[in-house]
Amino acid sequence: MTKIPVKALYDNCEMMRRDKWGYIYGTAGVLWTAEKQKSLESRYSEDDPNYGMSVRYGSQWIGHMVTDCSGVEVRIWKDYGLSIPHGSSSMVRQGYIVDCGSVAHPGWG
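Structural notes, computed from the coordinates. (Residues numbered from 1 in each chain as written. Predicted model: local features only at pLDDT ≥ 70, side-chain atom pairs only at ≥ 80, totals over all residues. Heavy atoms only, no water.)

## With respect to the overall build of the chain
Within the chain, the regular secondary structure consists of five helices and three strands. Per-residue burial for the chain yields a buried fraction of 29% across its 109 residues. Partitioning the contacts of the chain with sequence separation of at least 6, the portion at a separation of at least 24 is 64%. Accessible area of the chain: about 7,400 Å², with a carbon and sulfur share of 55%. (Helix = DSSP H or I, 4+ residues; strand = E, 2+ residues; numbered from the N terminus. Buried < 20%, exposed > 50% of the residue type's maximum accessible area, 1.4 Å probe, protein only. Contact = heavy atoms within 4.5 Å. Areas by Shrake-Rupley, 256 points an atom, 1.4 Å probe, with all protein chains shown as cover.)

Here it is in structure tokens:
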């Protein structure tokens, strides 16, 4: 069984923050381009419950790497040669979890 160290999760998230990755719904570590933005705008409106924010603000991420929330995990798992479904509810339904060990961390209730 392949295990992903918690430090690897942290380090990847820190890299994404440091390198100013953007948020585009439905992505998992891709370079955002003007062509991708135009395609998104032609398919969805600013009022779309999923893609609206990406349509409205996506142009600021052109030339940057982008991901959505669950895409962060998808990308990290892929780096370890593993696969996880893209989508938070799919991850929960299919039982994908991160084993952080027995030591409690701030925020655990």
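## Structural notes on the packing of aromatic side chains
For the coordinates displayed, the defined rule picks out two aromatic pairs. Between the aromatic rings of Y25 and Y51, the centroid separation amounts to 4.8 Å while the plane-to-plane angle is 85°, which identifies the pairing as edge-to-face. You can see Y25 sitting in the loop between β1 (22-23) and β2 (28-31) and its partner Y51 sitting in the loop between α2 (34-43) and α3 (52-57), a full 26 residues away along the chain. Of the residues examined, Y25 reaches a relative accessible area of 28% and is grouped as partly exposed. Given the relative accessible area of 19%, Y51 is considered buried. Arranged with centres 4.0 Å apart and planes meeting at 15°, the rings of Y44 and Y51 form a pair that is stacked. Among the residues examined, Y44 registers a relative accessible area of 26% and is labelled partly exposed. Through pairs of rings, three or more aromatic residues link up here, namely Y25, Y44 and Y51. (Phe/Tyr/Trp six-rings, centres within 6.5 Å; stacked < 30°, edge-to-face > 60°.)

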